[in-house]
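Examination of the molecular architecture
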Amino acid sequence: MSEPVRIAVLPGDGIGPETTAEAVRVLQAVSGASLPLVFETAPVGGAGYDADGDPLPAHTLAVCERSAAILFGSVGAPRYDTLPRASRPEQGLLRLRKHFDLFANLRPAIVYPELAGASTLKPEVVAGLDILIVRELTSDIYFGQPRGVRVNEAGEREGFDTMRYTEGEIRRIAVTAFEAAAKRQRRVCSVDKANVLETTQFWRDVVTDVHKQFPAVELSHMYVDNAAMQLVRAPKQFDVIVTGNMFGDILSDEASMLTGSIGMLPSASLNAERFGLYEPIHGSAPDIAGKGVANPLATILSAAMLLRHSLDQQAAAARIEAAVRRVLAQGLRTADIAAPGARTVGTREMGDAVLAALATG
Ligand code: NAD
């Protein structure tokens, strides 16, 4: 029997507890003698504030520190919107990212053939889409100093920010992208604006240098304006896209909407030790919280990413992803991915179906 592998489960607010409950059931189903998973649940976000007056209670951070990975639900609810900024639910997530130096944000955008009609793009453009956006999460113009608003020499007010990347920051995100691509179709497209911005010409040079360590992976470069266009014109040309924080912010949202289904998309935020926080890209959905109708598949697929990226359990991850595909092929739909008028299932029923597919798969 192997050593138990501890997973921190932070359900958070709104639909978070509903969807993480299903993801934990799925992880329990793949847990066994060769992969003994143990779970420790702790409050975060509004739930953390309610329990302890802090969106990231010290006890919750301690649970994360003694775990191999974090499964995160979602945070936020209207009743916390008037709290001082430091007490707001999203601070729990931001502080976790900072504390664990989670610099690599991985967002797959997958269009399952059965859901191609959910996209606003033509089904033939997106059917079978399977791309991975790797976004740098802790640097770039979002964090660069100096920044502010000042009065310039001409006596006019001006706003300014600083785009900045160190070589080390670029190297580590490039390595993450090449390693991810090596397990996929072995193609990385690095997105920059090297024709205009010095920082991103430097980005291109460093990524090109890191590429020498990964000869089996093909590297191409694309300007961000072209990438934004290509993502809606012919998204299937991409395998892995790697880019900086600001371009990644925009392109990852664009890519996720190619799929048309917010309830389906997982994400991972990793550090250099491959410790990671895994969460659906959707929020806490206060409009449907407590009704048992939320789609749990994004959180279940986040659990599969946790197995793949933090625990290196490729087979278990692939089993869960295959079970999700089978359930979709069987025609099960939560309301967010159903055609108008079609029969829908609730959160628990969808979880049950994935468990049944796992048991027979
Ligand atoms: P949202 O993602 O919560 O909801 C947007 C819409 O999508 C809603 O109509 C919702 O019902 C639907 N939806 C979302 N997830 C779904 C699912 N799994 N199944 C079915 N339908 C689903 O975004 P929002 O409404 O802009 O934000 C609500 C709250 O969530 C806010 O407090 C916001 O700050 C927070 N939020 C948190 C995170 C996070 O925890 N990482 C991310 C985004 C938003």
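Anything mentioned here points back to the structure above.
Throughout what follows, the structure given in this document is the object of discussion. Given the structure is predicted, the values throughout are model-derived calculations rather than measurements.

Below, the discussion takes up the pairing of strand β6 (residues 148-151). Two strands pair when backbone bridges link them, and β6 and strand β7 (residues 157-160) are joined in this way by four bridges, in the antiparallel orientation. Each bridged residue has a counterpart across the sheet, and for V151 the counterpart in β7 is R157. Between β6 and β7, which pair antiparallel and follow one another directly, the connecting turn spans five residues, one of which, G155, has a positive phi of 85°.

Our focus in this paragraph is the packing of helix α1 (residues 16-30) against helix α10 (residues 297-309). α10 packs onto α1 with a crossing angle of 40° between their chain directions and a minimal axis gap of 8 Å. With respect to their mutual orientation, α1 and α10 come out oblique. The hand of the α1/α10 crossing is right-handed. Where α1 approaches α10, its residues T19, T20, E22, A23, V26, L27 and V30 are matched on the opposing element by T299, I300, A303 and L307. Each residue belonging to the contact of α1 with α10 can be placed in one class, and the counts come to seven nonpolar, three polar and one charged.

What follows concerns the nonpolar core. If you look at the biggest cluster of nonpolar residues, it comprises 65 residues, and the most contacted ones within it are L71, F178 and L307. The dominant element in this core, judged by the number of residues it contributes, is α10, at eight residues. L307 has contacts with L27, V30, L35, L37, D312, Q313, A316, A317 and I320, leaving out every residue within four places of it along the chain.

Moving on: the packing of aromatic side chains. Tallied over the full model, the rule gives four aromatic pairs. Above the plane of the ring of F160 lies R150, whose end atom (NZ or CZ) is 3.8 Å from the centre. One residue, R172, lies across the ring of F103, its end atom 4.0 Å from the ring centre.

This part is about the site of the ligand. Near the ligand, the surroundings consist of 19 residues, among which V75, G283, A285, D287 and N295 are the closest. Between the ligand and S284 there is a distance of 3.0 Å, counted from an oxygen atom to a backbone nitrogen or oxygen. At 2.9 Å from a nitrogen atom of the ligand is found a main-chain nitrogen or oxygen belonging to N295. Here the ligand, which alone exposes 810 Å², has 65% of that area covered by the protein. Counted by class, the shell around the ligand contains nine nonpolar, seven polar and three charged residues.

Cut-off values and rules
- For every chain, the first residue of its written sequence is number 1, and the numbers climb from 1 along that sequence.
- Whole-chain, interface and lining totals are the exception, using all residues; otherwise, since this is a predicted model, local features are given only for residues with pLDDT of at least 70 and side-chain atom pairs are given and counted only at 80 or more.
- Only hydrogens and water are set aside; all other atoms, that is, all heavy atoms of the structure, feed into the side-chain values.
- Two strands form a pair only when DSSP identifies at least two bridges running between them.
- Where helices and strands are cited, they refer to DSSP runs of H or I of at least four residues and of E of at least two residues respectively, numbered from the N terminus.
- For every element, the axis is a line fit to its C-alpha atoms; helices are fit only across the contacting stretch, and the angle between N-to-C directions ranges from 0 to 180 degrees.
- Angles below 35 degrees are treated as roughly parallel, those above 145 as roughly antiparallel, those between 65 and 115 as roughly perpendicular, and all remaining angles as oblique.
- Crossings are assigned a handedness: left-handed for a near helix turned anticlockwise from the far helix by less than a right angle, right-handed for a clockwise turn.
- The contact criterion used throughout is that any non-hydrogen atoms of two residues lie within 4.5 Å.
- Side-chain classes are defined by residue name, with Ala, Val, Leu, Ile, Met, Phe, Trp, Tyr, Cys and Pro counting as nonpolar, Asp, Glu, Lys and Arg as charged, and the others, Gly among them, as polar.
- We define a nonpolar core as any set of buried Ala, Val, Leu, Ile, Met, Phe, Trp, Tyr and Cys residues linked to one another through side-chain atoms lying within 4.5 Å.
- Three labels apply to residues, based on accessible area from a 1.4 Å probe with only protein chains included: buried if under 20% of the type maximum, exposed if over 50%, partly exposed otherwise in between.
- In this scheme Phe, Tyr and Trp rings, the latter by its six-membered ring, pair at centre separations within 6.5 Å, and the angle between planes marks the pair as stacked below 30 degrees, edge-to-face above 60, and tilted otherwise.
- Distance and angle both matter: a charge sits over a ring if NZ of Lys or CZ of Arg is within 6 Å of the ring centre and within 35 degrees of the ring normal.
- Put simply, a residue is near a molecule or strand once any heavy atom of it comes within 4 Å of that molecule or strand.
- Counting of polar contacts relies on pairs of N or O atoms within 3.5 Å, with two restrictions inside protein: one atom must be capable of donating a hydrogen and the other of accepting it, and residues adjacent in sequence are counted only when both atoms are side-chain atoms.
- Under the convention used here, a 1.4 Å probe and the Shrake-Rupley method define accessible areas, while residue burial counts only the protein chains that appear.

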